[in-house]
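Chain by chain, the residues:
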Amino acid sequence: MDRKDPMTRTVLVLNGPNLNLLGQREPAVYGSTTLADVEALCRHSAQALGLSADCRQSNHEGVLIDAIHEAGREHAAGRLVGVVFNAGAYTHTSVALHDAIKGSAVPVVEVHISNVHAREPFRHHSYLSPAAAGVIVGLGIDGYRLAIDALARRAG
Ligand code: DQA
């Protein structure tokens, strides 16, 4: 975890498959901002709230599940306020990620850069939303900042 001070609580910012391609991937849908830009925005937003952002990206479902489990343990220990999670296409397919969120009892804010409800029908269903503390959709990368803010407020 990316903590400078052991007393500083963390927010995990977890990005799933293909989000490493931000900036070059379908710019008309996702914009020109890179994942590095998003992570810098998250670190800055977290710092302004007295938090540290632990930013990770994986294209592998099992790695994302392990990260959620770890977040559950960190949350239970009082070191982590929650998870900002853009699971990419796994949102629409993964019962395993749904179960990981439920099983870890960690607050998760589901984020999508694009408005998935204005896109193809297969993007309209999320397996994560019923297990999430909240959902932010279609506000571009600003959704990450709003999610960090919401988790900080929720944690008090
Ligand atoms: C996305 C939307 C998903 O449908 C898609 O598979 C992604 C990105 C978004 O941020 O808008 O990879 O989660």
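What comes next is a walk through the structure.

Rules and cut-offs
Residues numbered from 1 in each chain as written. Predicted model: local features only at pLDDT ≥ 70, side-chain atom pairs only at ≥ 80, totals over all residues. Heavy atoms only, no water. Near = heavy atom within 4 Å. Polar contact = N/O pair within 3.5 Å; in protein donor to acceptor, adjacent residues only side chain to side chain. Areas by Shrake-Rupley, 256 points an atom, 1.4 Å probe, with all protein chains shown as cover. 1 Å grid on protein atoms, 1.4 Å probe; cavity = no way out; pocket = protein on both sides within 12 Å on 5 of 7 lines; lining within 4 Å. Sits in = over half its atoms within 2 Å of the grid points. Nonpolar A, V, L, I, M, F, W, Y, C, P; charged D, E, K, R; others polar. Helix = DSSP H or I, 4+ residues; strand = E, 2+ residues; numbered from the N terminus. Core = buried A, V, L, I, M, F, W, Y, C linked by side-chain atoms within 4.5 Å. Buried < 20%, exposed > 50% of the residue type's maximum accessible area, 1.4 Å probe, protein only. Contact = heavy atoms within 4.5 Å. Arc of directions from axis to C-beta. Points joined across faces, edges and corners; volume = space filled by probe spheres on them. Expected span 1.5 Å × (residues − 1).

Close to the ligand lie Arg25, Tyr30, Asn86, Gly88, Ala89, His92, His112, Ile113, Ser114, Val116 and Arg123. Arg25 is positioned with one of its side-chain polar atoms (N or O) 2.9 Å from an oxygen atom of the ligand. Measuring from an oxygen atom of the ligand, one finds a side-chain N or O atom of His92 at 2.7 Å. Within the complex, 99% of the 330 Å² of free accessible area of the ligand lies under protein. Judged by the fraction of its atoms near the pocket grid, the ligand is located in the largest cavity. For the shell around the ligand, the class distribution of residues is four nonpolar, five polar and two charged.

This brings us to unusual backbone geometry. Note: most peptide bonds trans; most residues except glycine with negative phi. The backbone of Asn18 shows a phi angle near 75°, a positive value even though the residue is not glycine. Non-glycine residue Glu26 carries a positive phi angle of around 35°. With respect to the element layout, Glu26 can be found in the loop between strand S1 (10-15) and helix H1 (27-30).

Before going further, it helps to spend a moment on the nonpolar core. Within the largest apolar cluster, 22 residues are counted, with the highest numbers of intra-cluster contacts made by Val11, Val13, Cys42, Val84, Val111, Tyr144 and Ile148. Among the elements that line this core, the one with the most residues is helix H5 (residues 142-155), at five residues. If we skip the residues at most four places from it in the chain, Val11 touches Ala46, Ser52, Ala53, Asp54, Val81, Gly82, Val84, Ile148 and Leu151. Within the second largest apolar cluster, 19 residues are counted, among which are Ala67, Val106, Val108 and Leu128.

We now examine helix H4 (residues 95-104). Turning to H4, its buried residues are Leu97, His98, Ala100, Ile101 and Ser104. One side of H4 carries all its buried residues, which in axial view fall inside an arc of 160°. Facing away from the buried side of H4 by over 90 degrees, the exposed positions are Lys102 and Gly103. Considering only its buried residues, H4 is in contact with helix H3 (61-76), strand S3 (80-86) and strand S4 (108-112). Backbone geometry just after H4 places Ala105 at a positive phi near 55°.

Moving on: empty space enclosed by the protein. Summed over all chains, the structure comprises one cavity of 30 Å³ or more. Considering only enclosed or pocket space, the largest cavity measures out at about 120 Å³ in volume. Taken together, 13 residues make up the lining of the largest cavity; nearest its centre are Tyr30, Asn86, Gly88, His112 and Arg119. Residues belonging to the lining of the largest cavity are distributed by class as follows: five nonpolar, five polar and three charged.

Along its 14 residues, H5 runs 20 Å from first to last C-alpha, staying within 8% of the 20 Å computed at 1.5 Å per residue. Looking only at H5, the buried set comprises Gly143, Tyr144, Ala147, Ile148, Leu151 and Ala152. On its buried face, H5 is in contact with S1, helix H2 (35-48), S3, S4 and strand S5 (134-137). In the segment just after H5, Gly156 is the residue with positive phi, at about 80°.

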